[in-house]
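Close look at the chain arrangement
One-letter residues, chain by chain:
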Amino acid sequence: MNFEHSWGDGVAVLRLFREIFKDSTERPRVHKASAPAKIDVADRVKRLDINLDASLTASIETARAKFDNQVNSLGINLCEYPHVNKAYVKQHRLSPDSFMQLALQMAFYKMTGTTTATYESCSTSAFRHGRTETMRPVTVLTKQCCEAFAQQTEHSAAELRAMIDACSAAHNNLLKQAAMGQGFDRHLFALRKIAETHDREVDIFTDPAYSGINHNILSTSTLNDASVEIGGFAPVVPDGFGIGYGITNARSGINVTSYPGSHNPKDFIDCFRSSLDDMCNVLESTKHAIQKH
């Protein structure tokens, strides 16, 4: 199912998914035992012939060509990682969302040797008319953790595990703040729009740091539900990735979209899988020490 994003967010669409999934699996209107319809479809369905002049026909063809070109320029790459699921991560006393986000950060660091501006969508549906706030998963702690994993020989498994724990705790705190309206992105966005309507130039909005944090190379979002097999969306900047990720009771995985000339999505997926391998190795080697506590 495809949907245009401006009217609503994933939470609203997920409700529709759930209703369709439930009805179609629990009480389908058409199934193997259904009797053939007692009507002649040919009497009920008629072809509509629409008369188009040359100008309208040309406009439609131009729009079609533009759409096809845009679609064909979008690369889609998938990665499934069955070993990691919700139960596995919770067994190690970690947040599933923080685990996936840290793996994404680690993958980008492995690929480029640096961190980057990252967007994670956070629902504010606790509020009336609430839509989303931006959760910023990149922190000093995730940067330190990525650097440490890149130099594993210099750190013990226990030290690496402590860093994963610290990242998970910080991530959960940031998610709670964003969900309760304590994020900063939407607030600053509103102030910027107000300034624009009054033709006012405000220093913070012309600051390179503000432009940098809003050039989200990694734009990420997740919908975890039995009714959703996989989801995805296009990058928000030409040189970025659109990353739909999920972690369910059965598996985890990502759907990475990109445009030509940007970072190589297959390299990113390889680094993502390698990052999960590294993190799982640390969890397994330290699980007995964690269980004792």
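The structure under discussion appears in the preceding block.
Remember, it's a predicted structure, so these values are computed and weren't measured experimentally.

**With respect to the overall build of the chain**
Helix and strand content of the chain: 11 helices and 6 strands. Along the longest, intermediate and shortest principal axes, the C-alpha atoms of the chain span 75 × 60 × 40 Å. Classification of the 293 residues of the chain by burial places 34% in the buried group. The long-range share in the chain, meaning contacts at least 24 apart out of those at least 6 apart in sequence, stands at 66%. Working note: accessible area of the chain is about 18200 Å², and carbon and sulfur atoms make up 55% of it. Within the chain, the 33 negative side-chain charges are centred at a point lying 8 Å from the centre of the 31 positive side-chain charges.

**Let's talk about empty space enclosed by the protein**
Following the criterion strictly, the structure yields 2 cavities of 30 Å³ or more and no others. Lining the largest cavity are S98, Q101, L102, Q105, M135, P137, T139, T142, C167, H171 and L174. Elements with a minimum of two residues in the lining of the largest cavity: α5 (96-112) and α7 (157-179). Among the elements that make up the lining of the largest cavity, the one with the highest residue count is α5 (4 residues). A breakdown of the residues in the lining of the largest cavity according to their chemical character gives 5 nonpolar, 6 polar and no charged.

**With respect to the pairing of strand β3 (residues 132-135)**
Residues T132 and T134 of β3 are buried on one face, and the alternating residues E133 and M135, pointing to the opposite face, are buried as well. Where strand β2 (residues 118-123) and β3 come together, 4 bridges link them in antiparallel fashion. Note on β3: the bridge partner recorded for C122 is E133.

**Notes on the packing of α5 against α7**
Across the interface, α5 lies against α7 with an axial gap of 9 Å and an inter-helix angle of 115 degrees. Here α5 is positioned roughly perpendicular relative to α7, judged by the angle of their axes. Between α5 and α7 the crossing geometry is right-handed. The segment α5 lies against α7, with D97, S98, Q101 and L102 engaging I164, C167, S168, H171 and L175. Each residue belonging to the contact of α5 with α7 can be placed in one class, and the counts come to 4 nonpolar, 4 polar and 1 charged.

**Topic: the nonpolar core**
If you look at the biggest cluster of nonpolar residues, it comprises 40 residues, and the most contacted ones within it are F99, I164, I243, I254, F268 and F272. Listing elements by their share of this core, those giving two or more residues are β1 (75-81), α4 (86-91), α5, α6 (140-150), α7, β5 (241-247), β6 (252-258) and α11 (265-292). Not counting residues up to four positions away in its chain, the partners in contact with I164 are L94, L102, C145, F149, M279, V282 and L283.

**Considerations on the pattern of salt bridges**
One pass over the full model with this rule turns up 16 salt bridges. Between R27 and D23 there is a salt bridge whose closest N-O contact spans 3.0 Å. R27 sits in the exposed class, given a relative accessible area of 53%. Owing to a relative accessible area of 31%, D23 belongs among the partly exposed residues under this scheme.

Thresholds applied
Residues numbered from 1 in each chain as written. Predicted model: local features only at pLDDT ≥ 70, side-chain atom pairs only at ≥ 80, totals over all residues. Heavy atoms only, no water. Helix = DSSP H or I, 4+ residues; strand = E, 2+ residues; numbered from the N terminus. Buried < 20%, exposed > 50% of the residue type's maximum accessible area, 1.4 Å probe, protein only. Contact = heavy atoms within 4.5 Å. Areas by Shrake-Rupley, 256 points an atom, 1.4 Å probe, with all protein chains shown as cover. Lys, Arg positive; Asp, Glu negative; His and termini not counted. Charge placed at Lys NZ, Arg CZ, Asp CG, Glu CD. 1 Å grid on protein atoms, 1.4 Å probe; cavity = no way out; pocket = protein on both sides within 12 Å on 5 of 7 lines; lining within 4 Å. Points joined across faces, edges and corners; volume = space filled by probe spheres on them. Nonpolar A, V, L, I, M, F, W, Y, C, P; charged D, E, K, R; others polar. Pairing = 2+ DSSP bridges. Axes fitted to C-alpha atoms, helices over the stretch in contact; angles between N-to-C directions. Parallel < 35°, antiparallel > 145°, perpendicular 65-115°, else oblique. Left-handed = near helix turned anticlockwise from the far one by under 90°. Core = buried A, V, L, I, M, F, W, Y, C linked by side-chain atoms within 4.5 Å. Salt bridge = Lys/Arg side-chain N within 4 Å of Asp/Glu carboxyl O.

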